[in-house]
Amino acid sequence: MQTYTLLFIISCILGCSAQFYVIDDRIGLGREFDGIGGLSGGGATSRLLVNYEEPYRSQILDFLFKPNFGASLHILKVEIGGDAQTTDGTEPSHMHSKDEGNFYRGYEWWLMKEAKKRNPNIKLIGLPWAFPGWVGYGTQWPYFFPNVTANYVITWIMGAKQHHNLDIDYIGIWNEKTCDPAYIKVLRDILDRAGYTNIGIIAADGDWSIAAAMLKDSYLNDAVEVIGVHYPGTHTVKEALMTERKLWSSEDYSTFNDDIGAGCWARILNQNYVNGRMTSTISWNLIASYYENLSFGGDGLMTAEEPWSGHYVVDSPIWMTAHTTQFTQPGWFYLQTVGNLTSGGSYVALTDRKGNLTIIIETMTHNHSQCIRPPLPYFDVSPQKVTFQLKGSFAHLTDLQLWYSKLDFETKKDTLFEQRSPVKVYNGSFTLKLDVDEVYTITTVTTGQRGSNPEPPKSRPFPKNYSDDFTIDVPPFSEAPYFADQTGVFEYFRNSSDNASHAFTLRQVITERPVTWARDADQTISIIGDYSWTDLNVSCDVLIETPITGGVFLAARVDQAGESVREAKGVFYWLYANGTYKVTNDIGGKRVLAEGLSGTREGVWYTLTLIVKGYFASGMLNGYPLWENAVVLEPKNGWTALGTFSFEYAQFDNFEVNAY
């Protein structure tokens, strides 16, 4: 028997009294509830999801978006791709240059449509992390010409509607970067002039500082509908409350999706309103669907990082979400009678103002609910008995549905989102015995359901033998399966100049440094494979398109990517348009292992082969040895990769890897 439970029984035998809490709508309502959401992007966090085969991909999407099934999310927030690294990869822009537009790049359009297919009422948010270089006019500042940036964003909104019939509900500014009040006002004006008066602006997806600026500037205050803050630790500031605007935790959680992550998520879903009056909480990220060894591996509400096997995991945060999302909807209202429990934990109560009531209680302990950020001050939670007195329009209720979860850190046998016998209400009140690390939903709503599917396939590693010739006439997505761009953008390409052996290729298409969010490399790179790979043989046909200064590489044992991509080490085999080659131990080319003449130039297809075994690496060009036995002391393992010397056009074909 658990220690906490035993102590509770002993204390109640000795005489335990219940703490009383009132649920009453006669004193008025609290703030309007805006919903619980997930964030795809910031960046490339859903990259592998699109490569799942059916029925597994649809099963995963159902757990995220289908009402009364799993997480049943109310909000989907996506990155407006900016061609730059934004945590776990790059997401392509709809406008690589100012003279073109393509509203089928990437996978966020597809994801929004899949979410809408399951829940037509889901709210959609778009937010830029980075911008194509042309938006910044060669600088790292997108606000020099605010009308240019605003029009770029509105083009994305228009494309969503015209090409995908998606109505965007909210738009953000620039994720976690300095916001420009002048830009916000220009964006509001251009939105209104374009007929998008219904689209709300969220500012500024960082800290609370925008609130003080809004109090001093009535035009700015009018322009902003939602103050969105990241990782607020469940607390707000008085300036934000004084603006009388909606307050959201527009990015939160960011914690590994084990039971402690579930505890974090359960706690902040309640306490963001109880302590901070925030009416929406959005999880970064929606789903951990990227290579696990990238930044923040496993930080989604669930995990789907093996499209080659079909394996996925419905992690416990999904069911913590369901405790709120399946029994409330945006447009409900919090009651004013919400708060913290005397012996630790919290409760919220919401109503649709049509007679429905939902109460969510959590008793997460400190050590079992720490989020990745910010630091969590210590607090105590102990077993307790609570009595809720229903008054006002709820006084007549006689029974309520009960859904229960227990994160059991002692036995490791969790109870997750289990429907139990209805709670009987006597003379307007009911009593519960609460243990620690529990979640209760007590509700009049009868449609809750713990959805399920047949067990997915077993987990298995990335195939040791893998190849792709990129030959696909009408690709469903712009990116080739399993390739995860880390700097630059690699897209399927129809090579009209070669209708024979290289008619279909993969092409790197970014030719100037974007307005970045992270520390992108100076080279472009896309990774693929199993991070544990050590010895292998990888080959690829390459075409350098830039004369003299152009170059491409093939790599193995790449040990870093994501936000650390500039520091990536490995075995990098470079081929240049100036007739030379080089082998380096890092992406920056500072540690040279071998170099010499290759006779290569732009506009000619070459086959690169890289062989790495133990402490030695060798390279071939067009099937003939070019260099041999370069000594590689580290790294011992990592992904394979391909890329370019700079932001330049280049093509790749007939990729093949064989790991030993």
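Notes on the structure follow. Everything numeric here is computed off the predicted structure, so don't read it as measured data.

**What to know about the overall build of the protein**
Summing up its helical and strand segments, the protein has 10 helices and 36 strands in all. Over its C-alpha atoms the protein spans a radius of gyration of 27 Å, differing by no more than 12% from the 26 Å that the globule rule assigns to 660 residues. Taken along the three principal axes of its C-alpha coordinates, the protein extends 90 × 60 × 40 Å. Classification of the 660 residues of the protein by burial places 62% in the buried group. Accessible surface, the protein as shown: approximately 24500 Å² in total, 50% of it carbon and sulfur. Between the centroid of the 52 positive side chains of the protein and the centroid of its 74 negative side chains there is a distance of 5 Å.

**Re the environment of F256**
Tracing the sequence through the fold places F256 in the loop between β9 (246–253) and α9 (259–274). When the C-alpha positions of F256 and G603 are compared, they lie 46 Å apart, and in sequence the two are 347 residues distant. Apart from residues lying up to four places away in sequence, F256 is in contact with G261, G297, G298 and D299.

**Observations concerning the nonpolar core**
By size, the foremost hydrophobic cluster in this structure holds 103 residues, and its most contacted members are F65, L76 and I171. Setting aside chain neighbours within four positions, we find F65 in contact with S72, L73, L76, L111, A115, R118, N119, I122 and L286. Ranked by size, the runner-up nonpolar core spans 77 residues in total, among them W248, I544, V571 and F652.

**Let's talk about the sheet that holds strand β31 (residues 592–597)**
In spatial order, the strands read β23-β26-β35-β28-β29-β30-β31; together these seven strands make up an open sheet with antiparallel pairing. The open sheet has two free edges, formed respectively by β23 (484–487) and β31, since each of these has just one partner strand. Within the sheet, the average angular offset between the axes of one strand and its neighbour, ignoring direction, is 20 degrees. Note: strand β26 (residues 524–528) against strand β35 (residues 639–644), five bridges, orientation antiparallel.

**Some details on helix α6 (residues 209–216)**
Every buried residue of α6 is listed here: I210, A211 and M214. Across the axial projection of α6, the buried residues extend over an arc of 105 degrees, all falling on one side. Those residues of α6 that are buried lie in contact with α5 (181–193), β7 (200–206), α7 (218–223), β8 (226–230) and α8 (238–242).

**Focus: the environment of S250**
Along the chain, S250 turns up in strand β9. A residue is classified by how much of its surface remains accessible, and S250, at 1% relative accessible area, is buried. Considered as a pair, S250 and I227 are 23 residues apart in the sequence and their alpha carbons are 8.5 Å apart. Not counting residues up to four positions away in its chain, the partners in contact with S250 are L39, K77, D205, G228, V229, H230 and I282. Reaching out from S250, the side chain makes a polar contact with the side chain of D205 at a distance of 2.8 Å.

**Some points on the side chain of S405**
Within the secondary structure, S405 is located in strand β18 (residues 399–406). Within polar-contact distance, the side chain of S405 engages the side chain of H323 at 2.7 Å. A polar contact of 2.7 Å, which involves the side chain of S405, links it to the backbone nitrogen of F417. Setting aside anything within four residues of it in sequence, one finds S405 in contact with M320, H323, T415, L416, F417, D437, E438 and V439.

**Section: the sheet that holds β8**
Strands in a sheet are paired, the pairing made by backbone hydrogen bonds, and the direction either parallel or antiparallel. Read around the closed barrel, the eight strands follow the order β3-β4-β5-β6-β7-β8-β9-β10; overall the barrel is parallel. Of the pairings in the sheet, the one linking β7 to β8 comprises four bridges and is parallel in character. Bridge pairing in β8 places A204 opposite G228. In the packing of α9 onto the sheet, contacts are made with β3 (35–40), β9 and β10 (280–284), and the angle to β9 comes to roughly 175 degrees.

**Remarks on the pattern of salt bridges**
A full pass over the atoms with the stated rule returns 22 salt bridges. The closest approach of N and O atoms between K185 and D217, which form a salt bridge, is 2.8 Å. Highlighted residues: K185 in helix α5 and D217 in the loop between α6 and α7, separated in sequence by 32 residues. Overall, the relative accessible area of 31% leaves K185 in the partly exposed class. The class of D217 is buried, set by a relative accessible area of 18%. A salt bridge links D535 to R557; the nearest nitrogen and oxygen atoms lie 2.9 Å apart. Placement of D535 in the loop between β26 and β27 (536–544) and of R557 in strand β28 (residues 551–558) is noted, with a sequence separation of 22 residues between them.

**Let's talk about the packing of aromatic side chains**
Within the structure shown, the criterion is met by 47 aromatic pairs. Summarising the aromatic geometry, the rings of F63 and F69 are spaced 5.2 Å apart at their centres and angled 50 degrees between planes, so their arrangement reads as tilted. For the ring pair W284 and F296, a centre distance of 5.5 Å and an interplane angle of 80 degrees mean the geometry is edge-to-face. Linking W284 in strand β10 with F296 in the loop between β10 and β11 (303–306), this pair joins segments that are 12 residues apart in sequence. Following the ring pairs from residue to residue traces out a cluster consisting of Y291, W308, F462, Y466, Y482, Y531, W533 and W639. The aromatic ring of W319 is capped on one face by R450, whose charged end is 4.5 Å from the ring centroid. The positively charged end of R507 is found above the aromatic ring belonging to Y649, 4.0 Å away from the centroid.

Procedures and definitions
- Residues numbered from 1 in each chain as written.
- Predicted model: local features only at pLDDT ≥ 70, side-chain atom pairs only at ≥ 80, totals over all residues.
- Heavy atoms only, no water.
- Helix = DSSP H or I, 4+ residues; strand = E, 2+ residues; numbered from the N terminus.
- Rg over C-alpha atoms; globule rule 2.2 N^0.38 Å.
- Buried < 20%, exposed > 50% of the residue type's maximum accessible area, 1.4 Å probe, protein only.
- Areas by Shrake-Rupley, 256 points an atom, 1.4 Å probe, with all protein chains shown as cover.
- Lys, Arg positive; Asp, Glu negative; His and termini not counted.
- Charge placed at Lys NZ, Arg CZ, Asp CG, Glu CD.
- Contact = heavy atoms within 4.5 Å.
- Core = buried A, V, L, I, M, F, W, Y, C linked by side-chain atoms within 4.5 Å.
- Pairing = 2+ DSSP bridges.
- Axes fitted to C-alpha atoms, helices over the stretch in contact; angles between N-to-C directions.
- Arc of directions from axis to C-beta.
- Polar contact = N/O pair within 3.5 Å; in protein donor to acceptor, adjacent residues only side chain to side chain.
- Salt bridge = Lys/Arg side-chain N within 4 Å of Asp/Glu carboxyl O.
- Phe/Tyr/Trp six-rings, centres within 6.5 Å; stacked < 30°, edge-to-face > 60°.
- Lys NZ or Arg CZ within 6 Å of the ring centre and 35° of its normal.

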